[in-house]
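# Tertiary structure, described
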Amino acid sequence: MTIKRVTSPAAPEPPPERWSNCLLVDGIAYVSGMVARGDDVKALAGMDEYEQAKVIFGKIKGLIEAAGGTMADVVKIIVYVVDIKNNVKVWAARREFFTGNFPTSTLVEVRALASPEILVEIEAIAHIGKGNCA
């Protein structure tokens, strides 16, 4: 099977020759680290970790759906935060996008992300069509 680039209006594509937001290989979708940026790729100012995570999970959902799946297909997320004490805000947003078997998760505190107003970055892996919709 070939590698297919998946795009979605929910997640604006990066400038050419930087990275792919989502690649689909043998039914597995690999979603790059997403951050809370608008269509103009500027960070959305004034948002806390909860609000940023909601934007990010919305982008991931759009990419997974464009790949032919649902959020139930997500098996792994990796979350990067600049303040580990605010992880509960990220988990609150996560509960709005996942039910049943939550994906395996890794939480990492980092000193900084792409710009000072970005507090959260999340990447995901999904096995398209394998999630339990019940």
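Refer to the structure printed above.
Further remarks concern the overall build of the chain. If you tally the helices and strands in the chain, you get two helices and six strands. The linear arrangement of helices and strands in the chain, starting from the amino end, is β-β-β-α-β-α-β-β. For 134 residues, the compact-globule estimate of 2.2 N^0.38 gives 14 Å, and the C-alpha radius of gyration of the chain, at 14 Å, lies within 12% of that figure. Oriented by its inertia axes, the alpha-carbon framework of the chain measures out at about 40 × 35 × 20 Å. For the chain, the proportion of its 134 residues judged to be buried stands at 37%. Considering only residue pairs separated by 6 or more positions, the chain has 70% of its internal contacts joining residues 24 or more positions apart. Just so you have it, the chain exposes about 7300 Å², and 54% of that area is on carbon and sulfur atoms. Considering the chain, the positive charge centre built from 15 side chains and the negative charge centre built from 16 side chains are found 2 Å apart.

Quick look at helix 2 (residues 87-95) now. Three or four residues apart is the spacing at which side chains of an α-helix point the same way, because the helix has 3.6 residues per turn. Looking only at helix 2, the buried set comprises Asn87, Val90, Trp91, Ala93 and Arg94. Buried positions in helix 2, seen along its axis, are confined to an arc of 160 degrees and lie on one side of it. Turned more than 90 degrees away from the buried face of helix 2, the exposed residues are Val88 and Arg95. As for helix 2, its buried residues are in contact with helix 1 (49-66), strand 4 (74-81), strand 5 (104-109) and strand 6 (120-127).

In terms of strand pairing, strand 3 (residues 28-34) meets strand 6 through five bridges, oriented antiparallel. Looking at strand 6, one finds that isoleucine 28 is bridged to histidine 127. Pairing of strand 4 with strand 6, which is carried by seven bridges, proceeds in the antiparallel orientation. Each residue of the ladder has a partner; that of valine 81, found in strand 6, is valine 120.

Here the focus is unusual backbone geometry. The phi dihedral of aspartate 26 is positive, around 50 degrees, even though this residue is not glycine. Position of aspartate 26 among the secondary structure elements: in the loop between strand 2 (22-25) and strand 3.

Before going further, it helps to spend a moment on the packing of aromatic side chains. The final tally for this structure, using the stated rule, is three aromatic pairs. Considering the side-chain rings of phenylalanine 57 and phenylalanine 97, the 5.7 Å spacing of their centres and the 35 degrees angle between planes classify their relative orientation as tilted. On the criterion of sequence distance, the pair formed by phenylalanine 57 in helix 1 and phenylalanine 97 in the loop between helix 2 and strand 5 is long-range, its members being 40 residues apart. In this structure phenylalanine 57 comes out as buried when scored by relative accessible area, which is 0%. With centroids separated by 6.3 Å and ring planes inclined at 45 degrees, the aromatic side chains of phenylalanine 98 and phenylalanine 102 adopt a geometry described as tilted. Relative accessible area serves as the criterion here: at 34%, phenylalanine 102 is assigned to the partly exposed category.

Reading guide: rules and limits
Residues numbered from 1 in each chain as written. Predicted model: local features only at pLDDT ≥ 70, side-chain atom pairs only at ≥ 80, totals over all residues. Heavy atoms only, no water. Helix = DSSP H or I, 4+ residues; strand = E, 2+ residues; numbered from the N terminus. Rg over C-alpha atoms; globule rule 2.2 N^0.38 Å. Buried < 20%, exposed > 50% of the residue type's maximum accessible area, 1.4 Å probe, protein only. Contact = heavy atoms within 4.5 Å. Areas by Shrake-Rupley, 256 points an atom, 1.4 Å probe, with all protein chains shown as cover. Lys, Arg positive; Asp, Glu negative; His and termini not counted. Charge placed at Lys NZ, Arg CZ, Asp CG, Glu CD. Arc of directions from axis to C-beta. Pairing = 2+ DSSP bridges. Phe/Tyr/Trp six-rings, centres within 6.5 Å; stacked < 30°, edge-to-face > 60°.

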